[in-house]
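# Descriptive analysis of the structure
Here is how the chains run, residue by residue.
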Amino acid sequence: MAPKPISSPVPVAWYPSLAVLMLSVGLLVTASFFIYEATSSRRNRSLSKEIATGAVASVFLGFGSLFLLLATGVYV
């Protein structure tokens, strides 16, 4: 029994589209985080909202960067 090769669950043709989509969403969430920080006063800020927004932005930017590197051929 020969082992099956590891294959991607996402088709290779989708890498550029996923990179653009995820990086765009990540940058939008990051921008909303900065706008929230700049426009709210210290008394009205919520630590849980800041952590949640930062985590969502981090996940989207991380996966977007991964798909960008895969689409450009850095990771083959």
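Residues numbered from 1 in each chain as written. Predicted model: local features only at pLDDT ≥ 70, side-chain atom pairs only at ≥ 80, totals over all residues. Heavy atoms only, no water.

As annotated in an unreviewed UniProt entry, the chain is Dolichyl-diphosphooligosaccharide-protein glycosyltransferase subunit OST5 from Elaeis guineensis var. tenera. According to the UniProt record, the Subunit (unreviewed entry) comment for the chain is "Component of the oligosaccharyltransferase (OST) complex." Listed in UniProt under the heading Subcellular location (unreviewed entry), the comment for the chain reads: "Membrane". (UniProt positions renumbered as here; feature names shortened; annotations may be inferred.)

## What to know about the packing of helix 1 (residues 15-39) against helix 2 (residues 47-72)
Contact pair helix 1 / helix 2: the axes reach a minimum separation of 7 Å and the direction vectors enclose 155 degrees. In terms of their interaxial angle, helix 1 and helix 2 are classed as roughly antiparallel. The element helix 1 and its partner helix 2 pack so that their crossing is left-handed. Residues that form the contact of helix 1 with helix 2 fall into these classes: 20 nonpolar, six polar and three charged. (Axes fitted to C-alpha atoms, helices over the stretch in contact; angles between N-to-C directions. Helix = DSSP H or I, 4+ residues; strand = E, 2+ residues; numbered from the N terminus. Parallel < 35°, antiparallel > 145°, perpendicular 65-115°, else oblique. Left-handed = near helix turned anticlockwise from the far one by under 90°. Nonpolar A, V, L, I, M, F, W, Y, C, P; charged D, E, K, R; others polar.)

## Remarks on the pattern of salt bridges
Counted by the stated rule, this structure contains one salt bridge. Arg 45 serves as the salt-bridge partner of Glu 37, at 3.5 Å between the closest nitrogen and oxygen. On the basis of relative accessible area, Arg 45 is assigned to the partly exposed category, the value being 29%. (Salt bridge = Lys/Arg side-chain N within 4 Å of Asp/Glu carboxyl O. Buried < 20%, exposed > 50% of the residue type's maximum accessible area, 1.4 Å probe, protein only.)

## Details of helix 2
Its 26 residues place the ends of helix 2 37 Å apart at the C-alpha level, agreeing with the 38 Å of an ideal helix rising 1.5 Å per residue. A positive phi of about 90 degrees marks Gly 73, the residue just after helix 2. (Expected span 1.5 Å × (residues − 1).)

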